[in-house]
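Remarks on the overall topology
The lines below spell out each chain.
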Amino acid sequence: MIECQNIAKTYKIGEIETHALKNASFKINDGEFVAIMGPSGSGKSTLMHILGCLDTPTSGQYLFDGHDVSKLSDDELADIRMKKIGFVFQAFNLLPRAAVLRNVMLPLIYAGVSKKPREEQAKDALRKAAFPEGFWNHYSNQLSGGMMQRVAIARALVNNPTLVLADEPTGNLDTKTGLVVLNTFQELHLEQGRTIILITHEQYVAEHAERIIHIRDGSIINDSQVKNRRVVNGEL
Amino acid sequence: MKLADILQETYTALSSNKVRSGLTILGIVIGIGSVIAMVSIGQGASGQIQSSIEGLGSNLLTILPGVIQPGRGIVSSGRGAAQTLKNEDIDVLQGIEGVAYVSPEVQRRFQIVSPAGTNTNSTVIGATPEYEAVRNVVAANGSFIAESHIRSMGRVAVLGPTVAQDLFADSDPVAKTIRINKINFKVIGVLQSKGSAGFFNPDDTVFVPLTTMQKILAGVDFLSTIAVSVENKDLMPQVQESATTALLVKHRVDPQNPDFSIVSQADIIGTLTQVTDTFTIFLASIAGISLLVGGIGIMNMMLTTVTERTREIGLRKAIGAKKKDISLQFLAEAVVLTFLGGVLGVLLGWIISLAVSSLAGIATSVSVSSVLLAFGVSAAIGILFGYYPARKASGMNPIDALRYE
């Protein structure tokens, strides 16, 4: 469970202060599938960085699994990211000259997991992300966008994280491939009960989640359950 | 992060850009290779000089007339000008404890003519039978000057191999007659070759009895040099001390201002090694500059790599890599580059030094210490020049790094 209490983030460039985030408070329970939605410049990226422990808030408290992580050092934050958070990025961010399996194993290398269990966990994660077994030893730059994003999802799942954080995961994909990726998220949520936070600026994509937090100019303007939730299985 | 994983990452990173890695390694290879080669040439030269001087007799004290001026060294001592060494000094020296042989010598250059009319201008040394023992010369053919020749002022000569070759080509000179300064001498022996000792070629000499030299050829009563061989090496300083005292008394001169000098082989070796050491340091420091340039090449490549892989660094940090993991990874890349460069450089330097000794005839020696030094220096360069890029990489903010285009 994660909880934000009056989170604010202020950037200071010279004498000018920019309030990227003002007094954001909300709670996300385990097993929820939440979309954070807003136009560019709304502060959703800042919020994502804080939720993903890449950054700390200027003020307020961020409780991750009951621990206050808002005052931790860089290396302590890295430790939390390594153990409890899985990231999926818009640009996939795979290592281009490494095989699929090695890309998925990367977080476990930093976690110090030894070779055998590392490989087992990576294969397991690839199966969960519905990535076809025939491509496991391909180089990641030989894959299509949709395939790459599923490798990235597998990499996000490999350390069995508390939270999967997806930043515009369909932004670089065409509609149909985007739907395949969204389907993967919905299945992960439904079948494995993962907590997923999806950051997007598209209403259509956000409606695949259970709940949408709208953010504009650094403030939360709406936080509600999705009424007519889109289910990918029906659309494909 | 485990060591095996760091090495795997390093291998992937370096092999993905083989040309660039190869060129960077080449910089280190040239640097280390030239250091190894230069030091081996310097050390080889000093070893050669040392052994050729020791070949002349390592227990040798050389007494020269006149004074070696401080600061002017042995080479420019102006020997031969002074006439202060006399035949009486020989007996004084022979009485000193620890002295094995005393070899008085008179040196002049004369024109020498063979019966066939070929001639040469060589050093003629008036010597006694002790010369053979003191200077380690061996007669290859015939015999050396004997005591009876000295007493009878015999007109006999022993030829160095170069002179024998010049005058008689391949025929046997023994029992032939040569003319030195228009006086007939019978050849009684030819010496074995000793090789050049740098400034003086003992093969290009003719030996005649000391008395013949002093009374007939040169018409002098003084000596050019007295060589003294000491019973063993440990007695050298002691004998040098007593010889100085004895000669000062005999010559009745002020100890602050003696009219002779005593030089030991150790002094000569010391002076020459000083010269070759300076030479070696000079060569090595020139080579060191190319090593420095190689190191800068490493740093340049690592900085480029860090910039190119900014997004990758951002990703690695996002999925849990700590500062230490990132800096270790980049440091490992730099160290592996320099280490490979070091190994190849040692091989290259070795090949160069072998080529130099076989093609140019200069003795070289690659010592274990210079190889170890090369490895140490190359690893140190990797750490030194890899540190800044690695720190730059590890200090990146993951958010900015992920956004980097």
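Residues numbered from 1 in each chain as written. Chains lettered and ligands numbered in written order. Predicted model: local features only at pLDDT ≥ 70, side-chain atom pairs only at ≥ 80, totals over all residues. Heavy atoms only, no water.

Observations concerning the overall build of chain A
- When you go through chain A residue by residue, the secondary structure sums to eight helices and ten strands.
- Computed over the C-alpha atoms, the radius of gyration of chain A is 18 Å, within 12% of the 18 Å expected from 2.2 N^0.38 for a compact globule of 236 residues.
- Here the C-alpha coordinates of chain A stretch approximately 55 × 40 × 35 Å along the principal axes.
- By the burial criterion, 54% of the 236 residues in chain A qualify as buried.
- Accessible surface, chain A as shown: approximately 10,200 Å² in total, 47% of it carbon and sulfur.
- Looking at chain A, you have 26 positive and 27 negative side-chain charges, and the mean spots of the two groups are 4 Å apart. (Helix = DSSP H or I, 4+ residues; strand = E, 2+ residues; numbered from the N terminus. Rg over C-alpha atoms; globule rule 2.2 N^0.38 Å. Buried < 20%, exposed > 50% of the residue type's maximum accessible area, 1.4 Å probe, protein only. Areas by Shrake-Rupley, 256 points an atom, 1.4 Å probe, with all protein chains shown as cover. Lys, Arg positive; Asp, Glu negative; His and termini not counted. Charge placed at Lys NZ, Arg CZ, Asp CG, Glu CD.)

Concerning the interface of chain A and chain B
- Contacts between the two partners involve 25 residues from chain A and, on the opposite side, 24 residues from chain B.
- A buried area of about 2,300 Å², summed over both sides, lies between chain A and chain B, and 57% of it is on carbon and sulfur atoms.
- Counting the contacts that link chain A with chain B gives ten residue pairs in polar contact (both at pLDDT 80 or more).
- Those elements giving two or more residues to the side of chain A that touches chain B turn out to be helix H2 (74–84) and helix H3 (100–111) of chain A.
- No other element matches the six residues that H2(A) contributes to the side of chain A that touches chain B. (Contact = heavy atoms within 4.5 Å. Buried area = accessible area lost by both parts, 1.4 Å probe. Polar contact = N/O pair within 3.5 Å; in protein donor to acceptor, adjacent residues only side chain to side chain.)

Considering a nonpolar patch on the surface
- Together, B:Val19, B:Leu23, B:Leu26 and B:Ile30 give the surface a local cluster of nonpolar side chains, amounting to about 400 Å² of exposed area.
- Summarising the element assignment, B:Leu23 is placed in helix H2 (residues 18–55). (Patch = residues over 30% accessible without salt bridge, like charges linked within 9 Å, V, L, I, M, F, W, Y side chains within 5 Å. Salt bridge = Lys/Arg side-chain N within 4 Å of Asp/Glu carboxyl O.)

With respect to the sheet that holds strand E4 (residues 59–64) of chain A
Residues and elements named next belong to chain A.
- Pairing within the open sheet is antiparallel, and its four strands lie in the order E2-E1-E4-E5. Only two strands of the sheet have a single partner each, and these edge strands are strand E2 (16–28) and strand E5 (67–68).
- Summarising the sheet, E4 and E5 pair through two bridges and their orientation is antiparallel. Across the sheet, the residue bridging to Leu63 is Asp68, located in E5. (Pairing = 2+ DSSP bridges.)

With respect to helix H1 (residues 44–51) of chain A
- Of all the eight residues making up H1(A), seven are buried; the element is thus mostly covered by neighbouring parts of the structure.
- The set of residues buried in H1(A) consists of A:Lys44, A:Thr46, A:Leu47, A:Met48, A:His49, A:Ile50 and A:Leu51.

Some thoughts on the packing of helix H10 (residues 310–318) of chain B against helix H11 (residues 323–360) of chain B
Residue and element names in this part refer to chain B.
- Interhelical geometry of H10 versus H11 gives an angle of 140 degrees and a closest axis separation of 10 Å. By the angle between their axes, H10 is oblique relative to H11. Remark: the crossing between H10 and H11 carries right-handed chirality. Residues Glu312, Ile313, Arg316 and Lys317 of H10 pack against Lys323, Ile326, Gln329 and Phe330 of H11.
- By residue class, the composition of the contact of H10 with H11 is three nonpolar, one polar and four charged. (Axes fitted to C-alpha atoms, helices over the stretch in contact; angles between N-to-C directions. Parallel < 35°, antiparallel > 145°, perpendicular 65-115°, else oblique. Left-handed = near helix turned anticlockwise from the far one by under 90°. Nonpolar A, V, L, I, M, F, W, Y, C, P; charged D, E, K, R; others polar.)

Details of H11(B)
- With 38 residues, H11(B) ought to run about 56 Å at 1.5 Å a step, and its terminal C-alpha atoms sit 53 Å apart, in line with that.
- Positive backbone phi, at 75 degrees, marks B:Gly361, one or two positions downstream of H11(B). (Expected span 1.5 Å × (residues − 1).)

Topic: the domain arrangement of chain B
- One can read the domain layout of chain B as domain 1 (3–52 + 271–403) and domain 2 (83–258).
- Once you take the C-alpha centre of each, domain 1 of chain B and domain 2 of chain B turn out to be 56 Å apart. (Domains from an automatic or database assignment.)

Considering the nonpolar core
- Within the largest apolar cluster, 69 residues are counted, with the highest numbers of intra-cluster contacts made by A:Ile2, A:Ile36, A:Leu51, A:Tyr62, A:Phe64, A:Ile197 and B:Phe330.
- At seven residues, H2(B) tops the list of elements feeding residues into this core.
- When residues no more than four places from it in sequence are discounted, the contact partners of A:Leu51 are A:Ile2, A:Cys4, A:Phe26, A:Ile36, A:Tyr62, A:Phe64, A:Ile85, A:Leu163, A:Leu165 and A:Ile197.
- Counting 56 residues, the second largest nonpolar core, distinct from the first, contains B:Val99, B:Phe110, B:Leu217 and B:Leu248. (Core = buried A, V, L, I, M, F, W, Y, C linked by side-chain atoms within 4.5 Å.)

Structural notes on the pattern of salt bridges
- Within this structure, the stated rule accounts for 19 salt bridges over all chains.
- One salt bridge in this structure joins A:Lys84 and A:Asp65, with 3.6 Å as the shortest N-O distance. Taken together, the positions of A:Lys84 in helix H2 and A:Asp65 in the loop between E4 and E5 put the pair 19 residues apart, joining distant regions of the chain.
- Looking at A:Lys84, the relative accessible area reads 26%, which means it is partly exposed.
- Its salt-bridge partner being A:Arg102, residue B:Glu9 comes within 3.0 Å of it at the nearest N-O pair. In this pair, B:Glu9 is assigned in helix H1 (residues 3–15) and A:Arg102 in helix H3, connecting two distinct chains.
- A residue is classified by how much of its surface remains accessible, and A:Arg102, at 14% relative accessible area, is buried.
- Each member of the salt-bridge network shares a partner with another, and the members are A:Arg102, B:Glu9, B:Arg309, B:Glu312, B:Arg316 and B:Glu333.

Overview of the packing of H11(B) against helix H12 (residues 368–394) of chain B
Residue and element names in this part refer to chain B.
- Close contact between H11 and H12 brings their axes to 7 Å; oriented N to C, the two are set at 150 degrees. It follows that H11 is roughly antiparallel to H12 by the angle criterion. Along this stretch, H11 crosses H12, giving a crossing that reads as right-handed.
- A breakdown of the residues in the contact of H11 with H12 according to their chemical character gives 18 nonpolar, seven polar and one charged.

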